Amino acid sequence: MDIINIYDNSDKLYYIGGVVRDKLLGVKSFDVDITYVGNAIEYCSKFGEVIQENPDFGTVRVNVGGREVDFASTRSEIYEKKGHLPVVTKIGCSLKEDVMRRDFTVNALAMSVSTGEIVDYTGGQKDLKDKILRVLHDESFIDDPTRIIRALKFRVRFGFDLEEHTRYLQEKYLSDINYDMSYKRVKKELMETFNLNSQRAFEIFIQEGIYKLVSPEKFELPKVNIEELIKKYPVEHTWLVYIGLLPDLLRLEFTKEERKIVEDFRAIGDLKTDFEIYKAFDGLAVESILLYGISKDMNAAIRYLDILRYIKISVTGEDLKALGLKPSPKYQEIFDYILQAKLQNPQMTYEDEISLVKNYKN
Ligand code: ATP
């Protein structure tokens, strides 16, 4: 936090939001948000180091001693369309007005860059001490339901609880959800929350009915501890091993890869033999296999991930050609024939496989 040495001694610069919360909690921040009370673009242009600016939001990126830092103007907003991005009503408002557009009291703290003084308009310091999340007004979840998921994220990340009235407001909203909302933002928050790989987050998500924001159909908590499972079988898209279980995900805009992960596991039916398991899972993302395991047959998933996936046949198309077989769909039949044998006897050598091919041919 060396901004002040590079800029002037402005008493209008404040660290704001998560960075102040994290500082008071003594944990590392993901990013540093700085707000200028007034118009940050005008303020920063004095220094002639502006890299990028967004006048609609009053934000500006500047070069501070070789480091890129984002400055925001204080701004007030209203939610013209509930559940969607708010509309900026004033750039350069008071610090208090800026703070009042935020999600929870613990995220509504500001700290003067020049003096380190904490500005607390909403009782955030006490809530931080008491480890509770409290919204700033009764319409908060109606304005922006992603805050319910953000609360879940902070509950799990910091071990916080919902303040009683905030809990009531959450329940009330979840019993009457307005599905016309920005699912892009919902997805972002879900990813951040479930990439924490927390079984507790998933339990709260199901038990409190937060999942209904994305998937209205009733859903029961699976018996499997997904957190433990992912620790044993790490994946790239951790969040999807949780969220992919929900029955109705059409609202979330999946990428092609994400959609494939979910569609692949859903397309697989009962698997009885090792050969069936192998053929079903071969080439699939581990995420899909875990989703299948959690929702349908864990023994099959574990058997594949622990043992079967390491079994590979050695015979290639070149070998078949050298044995006088013309390339045809029969090649696949032969590979499957060898695979079936090898799954029963993984010790088979290349020579064993070749003699199997010869038998098959004859
Ligand atoms: P993290 O450590 O996860 O980044 P953060 O609190 O810094 O936590 P950001 O998403 O970076 O989270 O948001 C920065 C600040 O912006 C928050 O602390 C909060 O004051 C405000 N904010 C973010 N999202 C919302 C929202 N949906 N509604 C109201 N205020 C929000």
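None of these values were measured; they are calculated from a predicted model.

Asks: If you had to explain the overall build of the protein to someone new, which residues and values would you point to?
Replies: Looking only at helices and strands, one finds 19 helices and 11 strands in the protein. The C-alpha atoms of the protein give a radius of gyration of 28 Å, which is well past the 21 Å a tight globule of 362 residues would have. On the principal axes, the C-alpha backbone points of the protein span a range of 90 × 50 × 35 Å. Within the protein, the proportion of its 362 residues that are buried is 49%. Sequence-distant contacts, at least 24 apart, represent 61% of the contacts inside the protein between residues at least 6 apart. Element-wise, carbon and sulfur atoms account for 49% of the exposed surface of the protein, whose accessible area totals about 18300 Å². The centroid of the 52 positive side-chain charges in the protein is displaced by 2 Å from the centroid of its 60 negative side-chain charges.

Asks: I'd like to hear about the pattern of salt bridges, residue by residue, with values.
Replies: Applying the stated criterion to the full structure yields 33 salt bridges. Among the salt bridges present, the one from Lys82 reaches Glu139, with a minimum N-O distance of 3.7 Å. Of this pair, Lys82 sits in the loop between strand 6 (75–78) and strand 7 (87–91) while Glu139 sits in the loop between strand 10 (132–133) and helix 6 (140–143); the two residues are 57 residues apart in sequence, bridging distant segments of the chain. Put simply, Asp103, Arg150, Lys153, Lys188, Glu189 and Glu192 are held in one network by salt bridges that share partners.

Asks: Tell me what's going on with the side chain of Lys342, and back it up with residues and numbers.
Replies: Assignment of secondary structure puts Lys342 in helix 18 (residues 330–344). You can call Lys342 buried: its relative accessible area is 6%. Residue contacts for Lys342: discarding those within four places in its chain leaves Ile311, Lys312, Ile313, Ser314, Met348 and Glu353.

Asks: A description of the nonpolar core should follow, citing residues and the corresponding values.
Replies: Grouped together as the largest cluster of nonpolar side chains are 91 residues, with contacts concentrated most on Phe71, Phe194, Phe205, Leu252 and Phe281. Ranked by residue count, the leading element in this core is helix 7 (residues 146–158), at seven residues. Residues contacting Leu252, with those up to four places away along its chain left out, are Tyr183, Val186, Lys187, Leu190, Val214, Trp239 and Ile243. Of all hydrophobic cores here, the second largest spans 11 residues; its members include Val315, Phe335, Met348 and Ile354.

Asks: With reference to specific residues and values, describe the pairing of strand 4 (residues 59–64).
Replies: By the alternation rule, side chains of strand 4 split into Val60, Val62 and Val64, which are all buried, and Thr59, Arg61 and Asn63, of which none is buried. Sheet analysis places strand 3 (residues 50–54) next to strand 4, joined by four bridges and oriented antiparallel. Bridge assignment links Val50 to a residue of strand 4, and that residue is Val62. Between strand 3 and strand 4, which pair antiparallel and follow one another directly, the connecting turn spans four residues, one of which, Gly58, has a positive phi of 70 degrees. Note: strand 4 against strand 5 (residues 67–73), six bridges, orientation antiparallel. In the strand pairing of strand 5, Val62 is matched with Val69.

Asks: Provide a residue-level description of helix 7, including the pertinent values.
Replies: For helix 7, spanning 13 residues, the distance from its first C-alpha to its last is 18 Å, which sits close to the expected 18 Å at 1.5 Å a residue. In terms of residue burial, helix 7 counts as a mostly covered element, since 11 of its 13 residues are buried. Thr146, Arg147, Ile148, Ile149, Ala151, Leu152, Lys153, Phe154, Arg155, Val156 and Phe158 are the residues of helix 7 that are buried. Looking one or two places after helix 7, you find Gly159, whose phi comes out positive at around 70 degrees.

Procedures and definitions
Residues numbered from 1 in each chain as written. Predicted model: local features only at pLDDT ≥ 70, side-chain atom pairs only at ≥ 80, totals over all residues. Heavy atoms only, no water. Helix = DSSP H or I, 4+ residues; strand = E, 2+ residues; numbered from the N terminus. Rg over C-alpha atoms; globule rule 2.2 N^0.38 Å. Buried < 20%, exposed > 50% of the residue type's maximum accessible area, 1.4 Å probe, protein only. Contact = heavy atoms within 4.5 Å. Areas by Shrake-Rupley, 256 points an atom, 1.4 Å probe, with all protein chains shown as cover. Lys, Arg positive; Asp, Glu negative; His and termini not counted. Charge placed at Lys NZ, Arg CZ, Asp CG, Glu CD. Salt bridge = Lys/Arg side-chain N within 4 Å of Asp/Glu carboxyl O. Core = buried A, V, L, I, M, F, W, Y, C linked by side-chain atoms within 4.5 Å. Pairing = 2+ DSSP bridges. Expected span 1.5 Å × (residues − 1).

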